[in-house]
Structures are given as structure tokens and as C-alpha cells.
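A closer look at the structure
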Amino acid sequence: SNIPLAIAIDGPAAAGKSTVAKRVAHQLSYIYIDTGAMYRSLTLKAIQSGADLEKESELAVLLKATDIELIQKRDGQHVMMDGEDVSHDIRTNEVTSQVSIVAKHREVREEMVRRQQELVEERGVVMDGRDIGTHVIPDAEVKIFMIASVEERAERRHKENLEKGFTSDLEQLKMEIRKRDELDSKRETAPLVKAEDAIEVDTTSLTIEEVVSQIVTIVKKKQIREG
Ligand code: CDP
Ligand code: CDP
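Residues numbered from 1 in each chain as written. Chains lettered and ligands numbered in written order. Predicted model: local features only at pLDDT ≥ 70, side-chain atom pairs only at ≥ 80, totals over all residues. Heavy atoms only, no water.

**Focus: the packing of helix 2 (residues 35–48) against helix 3 (residues 56–64)**
Between helix 2 and helix 3, the least distance of the axes is 10 Å, while the angle of their chain directions is 110°. Compared by their axis directions, helix 2 and helix 3 come out roughly perpendicular. Within the contact between the two elements, helix 2 uses L42, K45 and A46 and helix 3 uses L59, L62 and L63. Residue classes in the contact of helix 2 with helix 3 are distributed as 5 nonpolar, no polar and 1 charged. (Axes fitted to C-alpha atoms, helices over the stretch in contact; angles between N-to-C directions. Helix = DSSP H or I, 4+ residues; strand = E, 2+ residues; numbered from the N terminus. Parallel < 35°, antiparallel > 145°, perpendicular 65-115°, else oblique. Contact = heavy atoms within 4.5 Å. Nonpolar A, V, L, I, M, F, W, Y, C, P; charged D, E, K, R; others polar.)

**Observations concerning the site of ligand 2**
Taken together, 15 residues lie around ligand 2, and A14, K17, S18, T19 and E160 are the ones closest in. At 2.8 Å, a backbone N or O of A14 approaches an oxygen atom of ligand 2. Note that an oxygen atom of ligand 2 is positioned 2.5 Å from one of the side-chain N or O atoms of E160. For ligand 2, the accessible surface in isolation is 540 Å², of which the surrounding protein chains cover 82%. For the shell around ligand 2, the secondary structure elements donating two or more residues are helix 1 (17–28), helix 7 (150–163) and helix 9 (208–226). (Near = heavy atom within 4 Å. Polar contact = N/O pair within 3.5 Å; in protein donor to acceptor, adjacent residues only side chain to side chain. Areas by Shrake-Rupley, 256 points an atom, 1.4 Å probe, with all protein chains shown as cover.)

**Thoughts on unusual backbone geometry**
Notably, S29 is not glycine yet its phi reads approximately 55°, a positive angle. Checked against the element boundaries, S29 lands in the loop between helix 1 and strand 2 (31–34). Unlike most non-glycine residues, A190 shows phi in positive territory, near 45°.

**Topic: the sheet that holds strand 3 (residues 68–73)**
Ordered by their spatial adjacency, 3 strands build an open sheet running 3-4-5, and the pairing between neighbours is antiparallel. Looking along the sheet, the strands with just one partner apiece sit at the ends: strand 3 and strand 5 (84–85). Along the sheet face, helix 2 touches strand 3 and strand 4 (76–81) and points at about 35° away from the line of strand 4. (Pairing = 2+ DSSP bridges.)

**Topic: the pattern of salt bridges**
Should the charged atoms of two oppositely charged side chains come close, the side chains can pair. Enumeration according to the criterion identifies 23 salt bridges in this entry. We note a salt bridge from R114 to E111, for which the minimum N-O separation is 2.9 Å. On the criterion of helical spacing, the pair formed by R114 and E111 is a turn pair, its members being 3 residues apart in helix 5 (residues 106–119). Overall, the relative accessible area of 42% leaves R114 in the partly exposed class. What you see here is one network of salt bridges that share partners, running through E111, R114, R115 and E118. (Salt bridge = Lys/Arg side-chain N within 4 Å of Asp/Glu carboxyl O. Buried < 20%, exposed > 50% of the residue type's maximum accessible area, 1.4 Å probe, protein only.)

**Focus: the UniProt feature "binding site: ATP" (unreviewed entry) in the chain**
With numbering matched to this structure, UniProt assigns "binding site: ATP" (unreviewed entry) to G11, P12, A13, A14, A15, G16, K17, S18 and T19. Tracing the backbone shows S18 in helix 1. Aside from chain neighbours lying at most four places away, what touches S18 is Y32 and D128. Inspection of the secondary structure puts T19 in helix 1. We classify T19 as partly exposed; its relative accessible area is 33%. (UniProt positions renumbered as here; feature names shortened; annotations may be inferred.)

**So, the site of ligand 1**
For ligand 1, the set of nearby residues contains 20 residues, the closest of which are R40, R109, D131, R180 and D184. The separation between a nitrogen atom of ligand 1 and a polar side-chain atom of T35 is 3.0 Å. Measuring from an oxygen atom of ligand 1, one finds a side-chain N or O atom of R187 at 3.0 Å. For ligand 1, whose unbound accessible area comes to 520 Å², protein coverage reaches 97%.

**Considering the pairing of strand 1 (residues 6–10)**
Most of strand 1 is tucked away: 5 of the 5 residues are buried. What you see with strand 1 is no split at all: A6, A8 and D10 on one side and I7 and I9 on the other are buried throughout. Note that strand 1 and strand 6 (residues 125–129) share 5 bridges and pair parallel. When the sheet's bridge partners are listed, D10 is paired in strand 6 with G129. Summarising the sheet, strand 1 and strand 7 (residues 142–147) pair through 4 bridges and their orientation is parallel. Following the sheet pairing, I9 is matched in strand 7 by I144.

Written as C-alpha cells, this is what we have:
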């Protein structure tokens, strides 16, 4: 049986969530939803508008006035903010270094979760983030908690930066990843934590293909049991 499921993928920065989630979605003909892109979009807008990132109500008001859309194009997913393509602008170091501050606020998270839940009204979805299995889709049929050592994660980002022709400092990346993981894990509202019923996948010494096939196997087994 091929009943469509909801797949939640959570974990720390650069564990491989989005790369793997996209491929799993493609193999199963599911929709992929990148929730990190939504927090990054609000962070970009907050920086552009000179908002105080520590002010919860200011950010909540800003978010209410911000339209964020994830659209599928032939060359992949694009992020549109108020009608403008911000796919690249949300990946800068500036946004990356501030996003966990914006994402810690309860009022911001409540609105984001509300919007994300609207996107999962139908099954056949792979969603990645930090609180998907715990808060956004607590009844997801498949929950994955993806981890990897901080050294491996920094190496992966480093390699990615160099391939794109960006300057990159491995030690700096390690520090930034540790800092962001700490902020995400220690915040009061919906911290990064493995859901009780999530399956932990350590990708440290696995290839992308190996991780994808592990998850697809988990999905197929689940479909047999559900169907
Ligand atoms: O891809 P990367 O791991 O660098 O980050 P991301 O998935 O784009 O998420 C960026 C940041 O958004 C995270 O570090 C969290 O602070 C926040 N986030 C969150 O709080 N909850 C989510 N569901 C997704 C992202
Ligand atoms: O979404 P998240 O921040 O968890 O990670 P990502 O952006 O999907 O992956 C970070 C980098 O690690 C990408 O360049 C992937 O190609 C790479 N990667 C890898 O080398 N081996 C894996 N098993 C998974 C991802």
C-alpha cells in the first residue's frame, strides 16, 4: 500500500536534514517544506527594517505583516518574501548568525507553527526543522532525529562554502554551529529536542544516499503496517 504519510525531520544545524528531506520527498513524490527558510525570511526582514531582534512583540507584528511562500520551480525550491525571491539572501552569514535569536520568541513560533500546520493539511509531506516532530506535526507517522558530530557538520558546511566560491573558516564554522545548537536547544519555547517516538539517525559516517535509503525504508515499513 502507498498511503501518503507525514515525515518529520529534526536535528541540529548541518546534520543533512534539508539535503536528505528533498531527496526523500522526490523519491516518494511528496512535497518538501523547509521551515528554517521561514525563520530565516523573518530574520532577513527584521534586519532590513532595523527591528530590535530581542523584542518579541515587535517581531510578532512584523511577521503578521510578512507574506512568506515556498514555491517549487524546476530548479528547486524558492523562497518568496512579500513577492520577492529571497532564496539567496536568507542564507548569508548575517542571517544565519541572528536567526536563532528571532526563532526563540514564543509569539513568533506560534504564528510560524500555525502557518506550517496549514501547509500539512494533506499527507504526503516531508518537513524539516527543529520542532516538527514535537510541535508542528506531533502525529507524524515517521519522525527522524538526524544528528552528526559537530566536526563533521562543520566540515560539510566548509566544503559547501568552498564549492560555492565563498571564503570559509572551519574553526569559525564550528563555533557558529555550536552557538546556534545551544540557543536552539536551550530556548524556553519548543527547543530542539528528540521527540520520544523519533528514530535517531547518526549521519556522521553515512553518505547522503545511505541516509535517504534508510529513511525511505522506514517509510515503506510504516506504510505496510498502516495499510
Ligand atoms: O540549515 P540550517 O541547519 O543551517 O538551519 P535552518 O534549518 O535553515 O534553520 C535556521 C534556524 O531557524 C535554526 O537554527 C533555528 O533557530 C530556527 N528554526 C527553528 O527554530 N525551528 C524550525 N522548525 C526551523 C528552524
Ligand atoms: O539541513 P541541514 O542544515 O541539516 O543540512 P544540509 O544543508 O542538508 O547539509 C549540510 C551539508 O552536508 C550539505 O552540503 C550536504 O551535501 C552535506 N551532507 C553530507 O555530506 N552527507 C550527508 N550524509 C548529509 C549531508
